[in-house]
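# Analysis of the macromolecular model
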Amino acid sequence: MPERVTLQPPPSMDDAARRIEAVIFTAPRPVGRDDLMSSCGLDDEGLTAALSALQREYEGQRHGVELVEIAGGHAFRVTPACEEVVRRFAGARRPDDLSPALLESLAVVAYLQPTTRAEVAQVRGVSSEWALTALVERGLIEEGGRAETPGAAILYRTTDRFLELFGLRRLDDLPELAEFALTVTETDELRSRLLANAERRRP
Amino acid sequence: MGERVIGAGPELREVSTTFDDLHFDLDVFDGPFDLLVTLILREEVDLWEVRVSRLIADYVLRLADSDEFDLEATSHFIVLVAALLEMKSRRLLDEGLLDDGLDESDEEEAGEELLVALIRYAQFKAAAQRLGHGYAEHAGRIYRRRPIPQRFLRSGSAGSRLPAFGLVDALVPLLREPPAPDVSHITDLAVSLVQELRRLRGLLGRRGSFTFAAVAPRDRLEKAVTFFALLELHNRGEARLSQVRPFADITVTPVGAAAAARDDVAAAVG
């Protein structure tokens, strides 16, 4: 006779977790830690514990939404398994793809921000006016004041929407720019190619 | 980089601009036009980043809005804009123009500069590719997007409780043409300053001296017009005004041409 096992219901969330769940549920955008602490009457330690409890509640495929840390705050997000059905229901479509020119311009702004259009053009070697305008229209970058240099050019910076669409909790989550530096071998190859081109064009 | 301004023309540096109020608010520059030109010449603002067509469009709009047409300022503007366009055009041909002038050491230096620029670009290009992967993975994720219900907001505006038709009712009276104001209390002046000047000149020519009280109309406003006409005659040196004491009647006597005209009239009549 097999031993009878009684399944216990999972322990219910504590009051703090329920409160932050309610606030995140009603918030129109990701809610930062400061807002959660002040609205729910929690200190830093209490918030961390409550968030952990809430995250445990929503993990493990038990719900159609998950709790994620994104764009400087916490938000509910549809789980990948349920995305298709939500798209069918809400008619939501994916944001348009970004062209290489847009991604390059965005990368320059993301790493050098706040930065000017001239600096973006200098890095890319081509005028980037159209690209920056398109990025502003898509809400990925925004104007952030004027440079204190001759001409007082407009400064650009990334937005919270940029963090959200690229799955970043904060700007610090961007990989280090140094990671993308060319290796010595790659630099030598580039130099050799340049020299070869120059030789070919020499009269 | 100074050498790259080949063809900018020394005349461009010598043109003095007088665009005190010509201010441009561009993406790469916010300030007066002459400063923009100076910064371009100093290469502190990249000419490639300045849309000359935008400058021209802004200027033409400004001209259209202005009642005055300053030929000199507009001529200077056209000269400077033409020079900027020439600079841009020549830079397109830099490669060919510079081929003859570059010696081997310059060529090496230019090559190194290009290499540094390409290495930097390659770094950002790789970063962009990584960003692209992140975008492909995360851009389609669906977040809870729901505005906070109005009743949960700390303070709802009074307007948010009004029905939409209430807004229409409030706007309609504002859109109606207001009734013409009642101006019946304003006296319609029978005389103008020009008319009074003409009349007083005639009197000076025919009569010579006269007093203000003798020639002024009865209406107070018209009297004021006559007084202004007398002051104008005095300013122009056509009449002399005198009083024996303050607030006494004003005696008007002809001076210069007016006196001569009176003498002519007297001679003709005599």
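Residues numbered from 1 in each chain as written. Chains lettered and ligands numbered in written order. Predicted model: local features only at pLDDT ≥ 70, side-chain atom pairs only at ≥ 80, totals over all residues.

## Remarks on the overall build of chain A
Within chain A, the secondary structure is distributed over nine helices and five strands. Relative to its full complement of 203 residues, chain A shows a buried share of 28%. (Helix = DSSP H or I, 4+ residues; strand = E, 2+ residues; numbered from the N terminus. Buried ≥ 20, exposed ≤ 12 C-beta atoms within 10 Å, placed from the backbone.)

## What to know about the overall build of chain B
On a plain count of helices and strands, chain B comes out with eleven helices and five strands. For chain B, the residues scored as buried account for 14% of the 270 residues in total. In chain B, the proportion of contacts linking residues at least 24 apart, taken out of those at least 6 apart, comes to 59%. (Contact = placed C-beta atoms within 7 Å.)

## Some remarks on the pairing of strand β1 (residues 65-70) of chain A
Put simply, side chains in a regular strand alternate between the two faces of the sheet. Residue and element names in this part refer to chain A. For β1 and strand β2 (residues 73-78), the ladder comprises six bridges, and the chain directions are antiparallel. Following the sheet pairing, E69 is matched in β2 by H74. Remark: two residues form the turn of the hairpin made by β1 and β2, two consecutive strands paired antiparallel; A71 in that turn has positive phi of roughly 50 degrees. (Pairing = 2+ DSSP bridges.)

## So, helix α6 (residues 117-124) of chain A
Along an α-helix, residues three or four apart share an orientation, since each turn contains 3.6 residues. Residues and elements named next belong to chain A. Within α6, seven of the eight residues are buried, which leaves the element mostly enclosed by the surrounding structure. Within α6, burial applies to R117, A118, E119, V120, A121, V123 and R124. Directly beyond the C-terminal end of α6, a positive phi value near 80 degrees is found at G125.

## Here we look at the sheet that holds strand β4 (residues 239-242) of chain B
All names here are of chain B. One open sheet accounts for three strands, arranged β3-β5-β4; its pairing is antiparallel. Edge positions in the sheet fall to β3 (210-211) and β4, since each of these pairs with one other strand and no more. Inspection of the sheet shows β3 paired to strand β5 (residues 251-254) by two bridges, in the antiparallel sense. In the sheet register, F210 faces β5, and the bridge partner there is V252. Each of β4 and β5 is contacted by helix α10 (residues 220-235), which is oriented at about 120 degrees to β4, the strand it contacts most. (Axes fitted to C-alpha atoms, helices over the stretch in contact; angles between N-to-C directions.)

## Section: the interface of chain B and chain A
Taken together, the contact between chain B and chain A spans 43 residues of the former and 48 residues of the latter. Going through the elements one at a time, β2 (30-32) and α6 (104-138) of chain B are the ones with two or more residues in the side of chain B that touches chain A. No other element matches α6(B), which puts 22 residues into the side of chain B that touches chain A. Looking at the side of chain B that touches chain A residue by residue, the classes come out as 24 nonpolar, seven polar and twelve charged. (Nonpolar A, V, L, I, M, F, W, Y, C, P; charged D, E, K, R; others polar.)

## Considerations on the packing of helix α1 (residues 15-26) of chain A against helix α2 (residues 33-40) of chain A
All names here are of chain A. In contact at an axis separation of 10 Å, α1 and α2 are set at 120 degrees when each is read in the N-to-C sense. Taken as axis vectors, α1 and α2 run oblique relative to one another. Of the two elements, α1 crosses α2, and the hand of that crossing is right-handed. Contacts from A16, R19, I20 and V23 in α1 reach L36, S39 and C40 in α2. (Parallel < 35°, antiparallel > 145°, perpendicular 65-115°, else oblique. Left-handed = near helix turned anticlockwise from the far one by under 90°.)

## Examining helix α8 (residues 193-207) of chain B
Residues and elements named next belong to chain B. In this model, α8 (15 residues) spans 20 Å end to end at C-alpha, consistent with the 21 Å of a helix rising 1.5 Å per residue. Taken residue by residue, α8 has E196, L200 and L204 as its buried positions. Taken around the axis of α8, the buried residues stretch over an arc of 75 degrees, which confines them to a single face. The outward face of α8, more than 90 degrees from its buried face, is lined by the exposed residues V194, R198 and G202. G208 occupies a position one or two residues after α8 and carries a positive phi of about 85 degrees. (Expected span 1.5 Å × (residues − 1). Arc of directions from axis to C-beta.)

## Concerning the confidence of the model for chain A
On average, residues of chain A score 86 in pLDDT, and 92% of them are at 70 or above. Considering each helix and strand of chain A separately, the mean pLDDT is smallest for helix α9 (residues 184-201) of chain A, with a value of 82, and largest for helix α5 (residues 100-112) of chain A, with 94. (pLDDT = per-residue confidence, 0-100.)

## Digging into the confidence of the model for chain B
Reading predicted coordinates in detail is not appropriate for stretches of low pLDDT. Residue and element names in this part refer to chain B. Residues at a pLDDT of 70 or more form 74% of chain B, whose mean pLDDT is 76. Looking across chain B, the model is least confident in helix α1 (residues 10-14), with a mean pLDDT of 38, and most confident in β3, with 92. Between residues 1-18, whose pLDDT stays under 50, and residues either more than four places distant or in other chains, the model counts 26 contacts.

## Regarding the packing of α1(A) against helix α3 (residues 44-58) of chain A
Residues and elements named next belong to chain A. Where α1 contacts α3, the axes come no closer than 8 Å and their chain directions differ by 80 degrees. Relative to α3, the element α1 lies roughly perpendicular. Where α1 approaches α3, its residues A16, A17, I20 and E21 are matched on the opposing element by G46, A50, L51, A53 and L54. Considering only residue class, the contact of α1 with α3 consists of seven nonpolar, one polar and one charged.

## Observations concerning the environment of B:S192
Residues and elements named next belong to chain B. Tracing the sequence through the fold places S192 in the loop between α7 (164-175) and α8. Overall, S192 belongs to the exposed group, with 12 C-beta atoms counted inside 10 Å. Expressed as a C-alpha distance, the spacing of S192 and V225, which sit 33 residues apart in the sequence, is 7.0 Å.

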